[in-house]
Amino acid sequence: MNTELPPDLRLKLRNLSGADIPELEALMERVYPDIGGAWPRDSLLALFKDFPEGQIAIEDNGRLIAVALTVRCSYERFSRAHTYDDLIGRRERIRHDPGGDALYGMDLFVDPEYRGLRLGRRLYDARKELCRNLNLRAILAGGRIVRYHEYAEELAPEDYIDGVRRKEIHDPILSFQLANDFEVKRIMKGYLPADAKSRGFATLLEWSNILYEPEGIAVEEIRKVVVRVGIVQWQMRPTNSFQSWLDQVEYFVDSMADYQADFVMFPEFFNAPLMGLGEQDTQYEAVRFLAGFAERTLEALTQFAVTYNINIIAGSLPVLEGDMLFNYAYLCRRDGTVETQPKLHITPHERRDWVIQGGDSLGVFDTDAGRIGILICYDVEFPELPRLLAEQGMDILFVPFWTDTKNGFLRVQRCAQARAIENECYVAIGGSVGNLPQVDNVDIQYAQSAVYSPSDFAFPHDAIMAESTPNTEMALVADLDLDRLAQIRHEGSVTNRKDRRRDLYTVEWLGDPPS
């Protein structure tokens with residue numbers, strides 16, 4: 001992954017409006033100089049008026065950089081052979097059927113300067129969520145085969161498509177659509193005659209919707225129902241350079257992104273192998289040497305989150321602020337933004353040997369896949385903190401940890417399971433394995449990463465959604481249904497949140513309010 005992010009990247013997914021027309025036209029001119037450039041302005045304005053929720057964009061600091069244009073259509077009509085002109089009405093107005101039972105992808109394009117950031121995948125995912133939300137049957141699209149002109153003398157269109165399926169040929173449009181779970185239903189001749197690169201051919205593509213979502217929600221407000229969480233049970237191993245260590249991190253980010261995970265979590269102090277690059281005489285000096293890598297690490301993880309389209313829970317890193325050392329977990333969102341959660345409670349070893357200070361802030365973080373909290377290791381053993389997060393609407397609690405012995409691990413595990421039951425939420429824990437013989441006091445690890453659920457009929461009988469093999473490097477993946485949490489909070493066998501005796505006791509945060 002070599003894509004460099006534009007400076008100060010801030011991505012936002014939203015619906016288009018009429019005010020975007022001039023910038024949209026300029027973008028279409030840059031993307032489609034070979035097939036006519038921008039659509040007529042009246043066509044775009046009519047599309048925004050007829051179906052505003054179907055016109056989706058990604059912006060960077062207010063600049064329009066990627067767009068998906070969509071209409072509703074009749075599945076019966078447009079799942080059969082048709083041409084692009086069949087979608088165009090009088091005066092070049094795009095045909096939108098407000099009673100249609102399918103979405104039709106009219107167009108999707110990305111600013112050439114922003115290619116390589118997988119923005120097209122985000123737009124497709126937004127379209128899928130819109131389709132589920134509107135309870136529509138499918139998404140249909142006519143897909144150009146833009147490299148067919150290179151093979152037309154030797155291959156029929158169907159042979160070219162088979163070559164793309166087998167990955168013997170890379171077609172920038174068809175390969176991308178197949179990777180996004182679309183199926184080729186038929187070949188359409190004369191779909192867009194002006195398209196010389198495709199020789200007028202196109203594929204009819206379909207993605208089938210099997211879920212239901214409520215109606216009338218704007219694309220940026222659509223709540224993800226099933227969230228996929230990836231946990232890296234990280235092996236501590238000696239490393240010979242920062243880049244070598246970072247390559248291993250990127251490998252797991254890439255792997256979890258390939259599984260279409262919404263989150264990937266690394267353990268507490270997962271950059272500890274970098275301490276072996278120094279020659280410090282004491283643990284105090286070694287951990288401060290490690291803190292010198294924090295800024296570079298965070299910059300790389302922020303880039304990975306955007307490029308691989310995955311939210312990263314960056315375990316924790318030691319960070320120096322002036323002369324004081326803190327233990328910070330980071331949420332690197334896939335929109336380019338970053339949040340910080342300090343470790344609040346410091347263990348006797350951390351306080352004595354490393355002279356780490358406890359932080360003083362606590363918050364719930366909104367993401368595109370639910371409201372989450374992060375507590376580092378020892379913090380999960382204090383039930384007041386998850387209770388405060390649950391009161392703010394937390395759905396998933398992430399707990400990156402680092403323990404050296406089984407009894408230390410069991411403290412984290414048992415408390416995490418209790419927190420899931422008490423607060424009717426999911427709790428994901430992730431730790432390290434392996435050994436670092438050249439680093440004092442961190443030479444052994446013990447971990448069994450897992451995802452825990454409330455204990456009720458809607459969840460596994462042991463309230464364990466997924467669990468790793470102990471002390472083995474691996475990645476754990478679990479799908480978490482947020483609707484099940486809502487259900488048990490109102491209709492469960494027991495309803496811990498509702499049944500608290502607030503007339504007798506309360507938990508109160510005395511620190512500064514979240515920013």
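First, a word on what this report is: a plain description of the structure on this page. All of these numbers come straight from a predicted model, not from anything done at the bench.

Here we look at the overall build of the protein
Stage number 1. Across its full length, the protein carries 13 helices and 21 strands.
Stage number 2. Against the globule reference of 24 Å for 515 residues, the protein gives a C-alpha radius of gyration of 26 Å, in line with a compact fold.
Stage number 3. Seen along its three principal axes, the alpha-carbon backbone of the protein occupies a region of about 75 × 55 × 40 Å.
Stage number 4. Across the 515 residues that make up the protein, the buried fraction comes to 55%.

Focus on the sheet that holds strand β5 (residues 138-144)
Stage number 1. Taken in spatial order, the seven strands line up as β1-β2-β3-β4-β5-β7-β6 in an open sheet, and their pairing is mixed. Because the sheet does not close on itself, it has two edges, and the strands there are β1 (11-15) and β6 (183-188). On average, adjacent strands in this sheet sit at an angle of 25° to one another, irrespective of strand direction.
Stage number 2. The strands touched by helix α1 (residues 21-31) are β3 (63-73) and β4 (102-110); relative to β3, the strand with the most contacts, the crossing angle is about 90°.

Some thoughts on the sheet that holds strand β20 (residues 464-467)
Stage number 1. Ordered in space as β14-β15-β16-β17-β19-β20, the six strands form an open sheet in which the pairing is mixed. Every interior strand has two partners, whereas the edge strands, β14 (365-367) and β20, have only one. Each strand of the sheet is rotated relative to its neighbour by a mean of 20°, with strand direction disregarded.
Stage number 2. Looking at chain direction, strand β19 (residues 450-452) and β20 are connected through three bridges and run antiparallel. Opposite Tyr-452, over in β20, you have Ile-464 as the bridge partner.
Stage number 3. The sheet contacts of helix α12 (residues 406-423) involve β16 (396-400), β17 (426-430), β19 and β20, and relative to β17 the element is tilted by about 165°.

Structural notes on α12
Stage number 1. With 18 residues, α12 should reach 26 Å at 1.5 Å per residue; the first-to-last C-alpha distance of 25 Å fits that figure.
Stage number 2. Among the residues making up α12, those that are buried are Gly-408, Phe-409, Val-412, Gln-413, Cys-415, Ala-416, Arg-419, Ala-420 and Asn-423.
Stage number 3. Where α12 is buried, its residues contact α11 (384-391), β16, β17, β19 and β20.
Stage number 4. Once α12 finishes, Glu-424 follows within two positions and takes phi at roughly 50°, a positive value.

Thoughts on the side chain of Arg-122
Stage number 1. By secondary structure assignment, the location of Arg-122 is in helix α4 (residues 119-133).
Stage number 2. Although Arg-122 lies buried, it forms no salt bridge, and the closest oppositely charged side chain, Asp-368, sits 6.1 Å away as judged by the N-O distance.
Stage number 3. Of the polar contacts made by the side chain of Arg-122, one reaches the backbone oxygen of Val-306; its length is 3.0 Å.
Stage number 4. Setting aside residues up to four positions removed in sequence, Arg-122 forms contacts with Leu-11, Ile-58, Ala-305, Val-306, Asn-309, Arg-334 and Asp-335.

Focus on the environment of Glu-321
Stage number 1. By the element assignment, Glu-321 lies in strand β11 (residues 317-321).
Stage number 2. Expressed as a C-alpha distance, the spacing of Glu-321 and Ala-291, which sit 30 residues apart in the sequence, is 9.8 Å.
Stage number 3. Within the structure, the side chain of Glu-321 is placed 2.7 Å from the side chain of Tyr-328, a separation counted as a polar contact.

Here we look at the packing of aromatic side chains
Stage number 1. Taken as a whole and judged by the stated rule, the model has 29 aromatic pairs.
Stage number 2. Aromatic side chains Phe-242 and Trp-245 sit 5.8 Å apart centroid to centroid with 40° between the ring planes, which places their arrangement in the tilted category. Residue Phe-242 and its partner Trp-245 are located together in helix α7 (residues 242-258), separated by three residues, close to a single helical turn. Here Phe-242 and Trp-245 have matching classes, each one buried.
Stage number 3. Here the aromatic rings of Phe-269 and Trp-354 are separated by 5.4 Å at their centres, their planes lie at 40°, and the arrangement is tilted. Residue Phe-269 is located in the loop between β9 (263-265) and α8 (283-291), and its partner Trp-354 is located in helix α10 (residues 348-354); the two are separated by 85 residues in the primary sequence.

Considering unusual backbone geometry
Stage number 1. One non-glycine residue, Asn-61, lies in positive phi territory at about 50°.
Stage number 2. Mapped onto the secondary structure, Asn-61 falls in the loop between β2 (56-60) and β3.
Stage number 3. Even without a glycine there, the phi angle at Phe-269 is positive, about 50°.
Stage number 4. Using a relative accessible area of 0% as the deciding quantity, one classes Phe-269 as buried.

Focus: the environment of Glu-25
Stage number 1. Note that Glu-25 resides in helix α1.
Stage number 2. Among the residues examined, Glu-25 registers a relative accessible area of 17% and is labelled buried.
Stage number 3. Linking Glu-25 and Gly-37, residues 12 residues apart in sequence, is a C-alpha distance of 8.0 Å.

Topic: the state of the cysteines
Stage number 1. Counting across every chain of the model gives zero disulfides.
Stage number 2. With no disulfide of its own, Cys-73 lies 9.9 Å from the sulfur of Cys-131, the closest cysteine sulfur.
Stage number 3. Here Cys-73 falls in the buried class, since its relative accessible area comes to 2%.
Stage number 4. Here Cys-377 is not cross-linked by a disulfide; its sulfur's nearest cysteine counterpart is in Cys-415, at 10 Å.

Considerations on the pattern of salt bridges
Stage number 1. The full count for this structure, using the stated rule, is 28 salt bridges.
Stage number 2. With its nearest N and O atoms 2.6 Å apart, the salt bridge here joins Arg-228 to Asp-479. Remark: Asp-479 occurs in strand β21 (residues 474-481) and Arg-228 occurs in strand β8 (residues 226-236); sequence separation between them is 251 residues.
Stage number 3. Judged by its relative accessible area of 35%, Asp-479 falls in the partly exposed class.

Looking at helix α5 (residues 157-165)
Stage number 1. Residues of α5 that are buried: Pro-157, Tyr-160, Ile-161, Gly-163 and Val-164. Along the axis of α5, the buried residues cluster in a sector spanning 155°; they form a single face.
Stage number 2. On its buried face, α5 is in contact with α6 (174-179), β6 and β7 (202-208).
Stage number 3. One or two steps after α5, the chain reaches Lys-167, where phi turns positive at roughly 65°.

Rules used throughout
- Residues numbered from 1 in each chain as written.
- Predicted model: local features only at pLDDT ≥ 70, side-chain atom pairs only at ≥ 80, totals over all residues.
- Heavy atoms only, no water.
- Helix = DSSP H or I, 4+ residues; strand = E, 2+ residues; numbered from the N terminus.
- Rg over C-alpha atoms; globule rule 2.2 N^0.38 Å.
- Buried < 20%, exposed > 50% of the residue type's maximum accessible area, 1.4 Å probe, protein only.
- Pairing = 2+ DSSP bridges.
- Axes fitted to C-alpha atoms, helices over the stretch in contact; angles between N-to-C directions.
- Contact = heavy atoms within 4.5 Å.
- Expected span 1.5 Å × (residues − 1).
- Lys, Arg positive; Asp, Glu negative; His and termini not counted.
- Salt bridge = Lys/Arg side-chain N within 4 Å of Asp/Glu carboxyl O.
- Polar contact = N/O pair within 3.5 Å; in protein donor to acceptor, adjacent residues only side chain to side chain.
- Phe/Tyr/Trp six-rings, centres within 6.5 Å; stacked < 30°, edge-to-face > 60°.
- Disulfide = S-S within 2.5 Å.
- Arc of directions from axis to C-beta.

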